[in-house]
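Topology and contacts: notes
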Amino acid sequence: MTRWLIAAIIGLMIAALHYGRLLVRPNAAALLRAVAAAVVAAMLLGAPAGPSRPRPALVALDASASWTRGDREAARWTRAVALARELAGSDTLWLFGDSLRPASPLSGAPADSRSSLGPVLDVARDERRPLAVVSDGEFTDAAVLPAGTRLTVIPAAPAPDAALASFTAPMRAAPGDTLALRATLRAGPVAIVEATVAFAFAGGDSAVARTGPMAAFSERELSARLVAPRGEREQLLRATVVIAGDSESRNDSLATIVEITRVPSAVLVSSSPDPDARAALEALSGALVAPPRGYYLVAPGAWRDASTLRAVGAAEVRSAAASAPLLVIHGDSLIFGPPSRLARGALVLLVPGDATETEWRASSADASPLSPSLAGIAWDSIPPIEIAASPPAGDWTGLSARSPGLAARAIVAGSETNGKRRVVVAAGGLWRWRARGGPPRDAFDALWGAIADWTTTAAVDARPALPARRWFRAEEPIGWIRSGADSVVDVELRSDRGAGDAPGRPLVLRFAGDARGTTTPALAPGRYTAAMRGGSVSFVVNAGSELLPARPIAHVIASGPAPGGLPAPPLRERWWAYVLAITALCGEWVIRRRAGLR
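Nothing here was measured: the structure is a model prediction, and the numbers come from that model. (Residues numbered from 1 in each chain as written. Predicted model: local features only at pLDDT ≥ 70, side-chain atom pairs only at ≥ 80, totals over all residues. Heavy atoms only, no water.)

A few points about the sheet that holds strand β10 (residues 206-210)
Counted only if it meets this: Criterion used throughout: strands pair if DSSP finds at least two bridges between them. By the criteria applied, helices consist of DSSP H or I runs no shorter than four residues and strands consist of E runs no shorter than two, each listed in order from the N terminus.
Strand order in the open sheet formed by five strands is β7-β13-β12-β9-β10, with mixed pairing between adjacent strands. Each edge of the sheet is formed by a strand with only one pairing partner; in this case those strands are β7 (172-173) and β10. Bridge count for β7 against strand β13 (residues 253-260) is two bridges, and the pairing is parallel. What sits directly across from arginine 172, in β13, is glutamate 259.

Structure (structure tokens):
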């Protein structure tokens, strides 16, 4: 409308320029000149050829699986479909969830793993259409709905429900190890008096944890300890929650795979156990996907297991050290001979520092593999350390020590030879960082996390790729981590739902450049085994998160008028505008000629 107003003003100005005072009196020629000039100006300004065209509302129906939670007969879904079809009338009914698509044909229960409104809002905005949404109110994204939106929510009737939102368990363990397990329990719309969570290996022993009362939609983390079964193989571990009157059973359990093997993820051998050795072992427990194993020499020839303090023989310690993908030696590095010959994979040497009166403080070095993890640490607030008599040598320096008036000394250095990575930590007193807590503890954990990450990047495993986790949800892409040098890995994926010796589905994992990870599309719930060169590995896909109880999101509808519809095409695209302008000019010329004007 503004462009037309500007064009009219331009037309009147041009007419006034040629006719002057005659414009205030009835003058057909001046009027025709004003019309012609206004039409030409409107075409140049891109004014619309008419009013906007109102469009029918875009009707979108939520097709996520949350409709069926606690409602196996899908009564709410049937009601929602009928209402959406009534709103759409003869227009297209759209379904949204994992994607936006037409609802024809519409059959079966909704099964989308999410209910994302983003694509619906994009289409409604691009087409300038008002929006009508029918949903159960549990949207994945919380957005402000456009003005004029009609939102119809069909909520579920409150019923008792409890679901497992997350499950944490080691990916690897040794036979007989005690596993620390954690699960997060989420309550539904009705308060829970008590819930019981059982952790159990398939066909094995179980551990039970109980909750007290839980409010509606609250969460509670439970922990338990369970002994790993005997035998070296992959074991299915399941956590299951039980409450009285549970209305939905599909969200009651989460399963994962634990690889039972005698080969630990890392082994720490200390010939002179001290707080530094214990702190390093604790930090590695948090940095690695599986608990490391530690051995302490408490007296000449007397070795103890770090976790149980049971007596072990030197031959067992040597065997564990030789088979570990990551070996950490604290104290005497030659206790079992040259460490480079002993270590099968990566090697970390922890050299105790010498106590002196000089105060040394650590500071990170630039351009090392550890730099990204150590960036942002305020080293001035970190406690002092003792440095070893001889500085370590390597391809790079990750940490150095400084003292006023003295030259800087390297205390953490790394190198790589023939595919084997080695790090030397030549300092003592680092345990004080962890003991003090706060920023010093963060610095200690960041240092050992970076060391573990860099050394285990080239982990020794006959399998060229492994799943990033051992359990996923149905809507999640499957993450893979490269454990070898291959950038392309051929995999045969088999499901436990397959029939007997039925062939698996071929899958190709492609790792771009130096990237450690890649993803493949999401899978249906079940247990899967990926067979590849060098062995196989299993993982579990659990039910999607749409089956978890969720508090409905209160969406805000923007104030103001509804969208005005699609604008009319520009005037310059209409032939009659040119005819009108030319006709007006011709009419003006005829009138001027009759009046004796040029």
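Overview of the pattern of salt bridges
Opposite charge on two side chains lets them pair, provided their charged atoms get close. What counts here: For this document, the term salt bridge refers to a Lys or Arg side-chain nitrogen within 4 Å of an Asp or Glu carboxyl oxygen. Here's how the labels work: a residue is buried when its accessible area is under 20% of the maximum for its type, exposed when over 50%, partly exposed in between, all with a 1.4 Å probe on protein chains only.
Scanning the model with the defined rule gives 23 salt bridges in all. With its nearest N and O atoms 3.2 Å apart, the salt bridge here joins glutamate 259 to arginine 470. Here the residue glutamate 259 occupies a position in strand β13, and arginine 470 occupies one in the loop between β25 (465-467) and β26 (471-473), the gap between them amounting to 211 residues. Assessed through its relative accessible area of 14%, glutamate 259 is described here as buried. Among the salt bridges present, the one from arginine 434 reaches aspartate 445, with a minimum N-O distance of 2.6 Å.

A short note on the pairing of strand β6 (residues 162-168)
In terms of residue burial, β6 counts as a mostly covered element, since five of its seven residues are buried. As paired elements, β6 and strand β8 (residues 178-187) share six bridges and run antiparallel to each other. Counted as the bridge partner of leucine 164 is leucine 185 from β8.

Overview of the nonpolar core
Note the threshold: Buried Ala, Val, Leu, Ile, Met, Phe, Trp, Tyr and Cys residues form a nonpolar core when they are joined through side-chain atoms within 4.5 Å. In what follows, a contact means two residues having at least one pair of non-hydrogen atoms within 4.5 Å.
In this structure, Ile385, Leu399, Ile411, Trp433 and Trp448 are the most contacted members of the largest nonpolar core, which totals 44 residues. The greatest single-element share of this core, amounting to nine residues, is contributed by helix α10 (residues 438-456). Discounting residues that sit within four places of it in the chain, leucine 399 has contacts with Ala362, Ser363, Ser364, Leu374, Trp379, Ala410, Ile411, Val412, Trp433 and Leu447. Counting 29 residues, the second largest nonpolar core, distinct from the first, contains Ala187, Ile192, Val197 and Leu226.

Here's the deal with the pairing of strand β27 (residues 478-482)
Within β27, four of the five residues are buried, which leaves the element mostly enclosed by the surrounding structure. Sheet analysis places β25 next to β27, joined by three bridges and oriented antiparallel. Within β27, the position partnered with leucine 466 by the bridge is isoleucine 481. The pairing of β27 with strand β30 (residues 517-520) spans four bridges and is classified as antiparallel. Bridging from a neighbouring strand, isoleucine 481 pairs with glycine 517 of β30.

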